[in-house]
Amino acid sequence: MEAVTTVAGTAYPWGAKNVDTDVIIPAHWLKTIARSGLGRGAFETVRAVPGNIFDDPRYAGAPVLIAGDNFGCGSSREHAAWALADMGIRAVIAPSFSDIFSGNAFKNGIIPVVLPQEAVDRLVEVARDQPVTVDLETMTVTTPYQDRFAFELDPFRRQCLMEGLDEIGLTLARDTAISKFEGAMAEHRPWVEGRRGYEGIAVEGAGRT
């Protein structure tokens, strides 16, 4: 996972509420387990409408999405986070998120920023022609108009995002401790190793149920 401390730039001033995961990425895109290319299917039904915000050249490649309450509700699908990441979104700002979507976003290097509805409304207005900055160092969202909105994030998730640590990265970071534990297990509980006994002699019937 790529480390992220600051996300700054153009933002999609969408503000739509109750956007479910099927809107983020339709079900027929779930046949693949590849993360690349899903950006083409992101918000497919929304993009079918002429003049939609996601095909507006003013917001092309925007790294921030401003949405409404209950973003990412509906079925649990990590493809939704994959699709957002593939289209270049690194932060989503909304009054609330589905718990499962929020977790999937975090695991894929996307910052889920929770702000009050009033702050979101202000950002939607500003983002129509000005950039937005999400800063994990200061835990704020700012604009060129001196708007400054503080947000909260679980400290562990914040650290993982800033260090680029997903679940695999967290495991590898503990390689020394894991190796030490496995060595101790092999010494004190050799039967855990499988079909060998204390003296390295195969144990009759070991592994049978």
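Reading the values: the criteria
Residues numbered from 1 in each chain as written. Predicted model: local features only at pLDDT ≥ 70, side-chain atom pairs only at ≥ 80, totals over all residues. Heavy atoms only, no water. Buried < 20%, exposed > 50% of the residue type's maximum accessible area, 1.4 Å probe, protein only. Helix = DSSP H or I, 4+ residues; strand = E, 2+ residues; numbered from the N terminus. Arc of directions from axis to C-beta. Contact = heavy atoms within 4.5 Å. Pairing = 2+ DSSP bridges. Axes fitted to C-alpha atoms, helices over the stretch in contact; angles between N-to-C directions. Parallel < 35°, antiparallel > 145°, perpendicular 65-115°, else oblique. Left-handed = near helix turned anticlockwise from the far one by under 90°.

(A) How the structure looks around helix H5 (residues 117-126). Every buried residue of H5 is listed here: Ala 119, Val 120, Leu 123, Val 124 and Val 126. Projected down its long axis, H5 carries its buried residues within an arc of 165°, all on one side. The inward-facing, buried residues of H5 contact strand E2 (11-13), strand E3 (64-66), strand E4 (91-94), strand E6 (132-135), strand E7 (140-142) and strand E8 (148-150).

(B) Region of interest: helix H4 (residues 99-107). All buried positions along H4 are accounted for by Phe 101, Ser 102, Gly 103, Asn 104, Ala 105 and Phe 106. Elements in contact with the buried residues of H4: helix H1 (21-24), helix H3 (79-86), strand E5 (111-114) and helix H6 (155-163). Directly beyond the C-terminal end of H4, a positive phi value near 75° is found at Gly 109.

(C) Structural detail: the sheet that holds strand E1 (residues 6-9). Pairing within the open sheet is antiparallel, and its 4 strands lie in the order E1-E6-E7-E8. Among the strands making up the open sheet, the edge pair consists of E1 and E8. Shown here is a sheet whose adjacent strand axes are inclined to one another by a mean of 10°, direction ignored. Strand direction decides the pairing type here: E1 and E6, joined by 4 bridges, are antiparallel. The residue bridging Thr 6 from the neighbouring strand is Asp 135, located in E6.

(D) How the structure looks around the packing of H3 against H4. Two elements in contact, H3 and H4, have axes whose closest approach is 8 Å; the angle formed by their N-to-C orientations is 45°. It follows from the interaxial angle that H3 and H4 lie oblique. Pair H3 / H4 crosses with right-handed handedness. On H4, the residues that touch Ala 80, Ala 81 and Leu 84 of H3 are Phe 101, Asn 104 and Ala 105.

So, to be careful, I would describe these as geometric facts and stop short of saying anything about function.
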